[in-house]
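# Descriptive structure summary
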Amino acid sequence: MICVIDASVAVKWFAVGDWAQTENDIDPALDILRSSTDGGVEFFQPPHFLAEVAAVLTRLDPDRALQNADDLAAMYITWAEPTVAYAMAIELARSLNHHLFDTLYHALALTTPGAVLVTADRRYFDKARHLGQIAWLPDFRTS
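So, how was this worked out
- Residues numbered from 1 in each chain as written.
- Predicted model: local features only at pLDDT ≥ 70, side-chain atom pairs only at ≥ 80, totals over all residues.
- Heavy atoms only, no water.
- Helix = DSSP H or I, 4+ residues; strand = E, 2+ residues; numbered from the N terminus.
- Rg over C-alpha atoms; globule rule 2.2 N^0.38 Å.
- Buried < 20%, exposed > 50% of the residue type's maximum accessible area, 1.4 Å probe, protein only.
- Contact = heavy atoms within 4.5 Å.
- Areas by Shrake-Rupley, 256 points an atom, 1.4 Å probe, with all protein chains shown as cover.
- Lys, Arg positive; Asp, Glu negative; His and termini not counted.
- Charge placed at Lys NZ, Arg CZ, Asp CG, Glu CD.
- Salt bridge = Lys/Arg side-chain N within 4 Å of Asp/Glu carboxyl O.
- Pairing = 2+ DSSP bridges.
- Axes fitted to C-alpha atoms, helices over the stretch in contact; angles between N-to-C directions.

Moving on to the overall build of the protein. Along the protein, the regular secondary structure elements total eight helices and five strands. When the elements of the protein are put in sequence order from the N terminus, they spell out β-α-α-α-β-α-α-β-α-α-β-α-β. Scaling as 2.2 N^0.38, a compact globule of 143 residues should have a C-alpha radius of gyration of about 15 Å, and the protein matches this with 14 Å. Principal axes of the C-alpha set define a box for the protein whose edges measure 40 × 30 × 25 Å. A burial count over the protein gives 48% of its 143 residues as buried. The contacts of the protein with a sequence gap of at least 6 include a subset with a gap of at least 24, amounting to 61%. On the protein, roughly 7400 Å² of surface is accessible, and the fraction owed to carbon and sulfur atoms is 53%. If you average the places of the 10 positive and of the 19 negative side-chain charges in the protein, the two averages end up 8 Å apart.

This is the structure in structure tokens:
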């Protein structure tokens, strides 16, 4: 299974300490991560993924942000070419009135046969679910 994981899911992989108490759906996010280590899930990510996750981690847990970003960078991830889904992402951002960074994830899933975007961003999910190839994290199953 090919999964495009947005930052709202990936930050949950590093949730510890006080801010972890405010995060929902950590277990389903960790299930996806575990599935990537046994071959059940392959990550296919847009180039901005690492920077966006690192930015959120720096805000939430600045003392661990560098180590967490290094751990994320060390994961087996297939990276999309930088401009592979930009045209569709721009159209999604325009038509959904939503931030381009979020639509880049979905555009990548929509342009990759068999791929699905997994998100914990309810606002985006509600706007975009009618387009398909998107899953709400709490409902997503890897098997």
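That shown, we press on.
In this section: the pattern of salt bridges. Evaluation of the coordinates by the stated rule reveals five salt bridges. D31 is the partner of R34 in a salt bridge, and the nearest nitrogen-oxygen pair spans 2.5 Å. Of the two residues, R34 and D31 are both situated in helix α3 (residues 26–37); the distance of three residues between them amounts to about one turn of the helix. The exposure class assigned to R34 is partly exposed, which follows from its relative accessible area of 47%.

Sheet strands associate in pairs through backbone hydrogen bonding, adopting either a parallel or an antiparallel arrangement. Strand order in this open sheet of five strands is β3-β2-β1-β4-β5, and the pairing throughout is parallel. Whereas interior strands pair on both sides, the edge strands pair on one side only; in this sheet they are β3 (78–79) and β5 (134–136). Pairing between strand β1 (residues 2–5) and strand β2 (residues 42–45): two bridges, direction parallel. By the bridge assignment, I2 is partnered in β2 with E42. Sheet strands touched by helix α7 (residues 100–110): β1, β2, β4 (115–119) and β5. Its angle to β4, the strand with the most contacts, is close to 155°.

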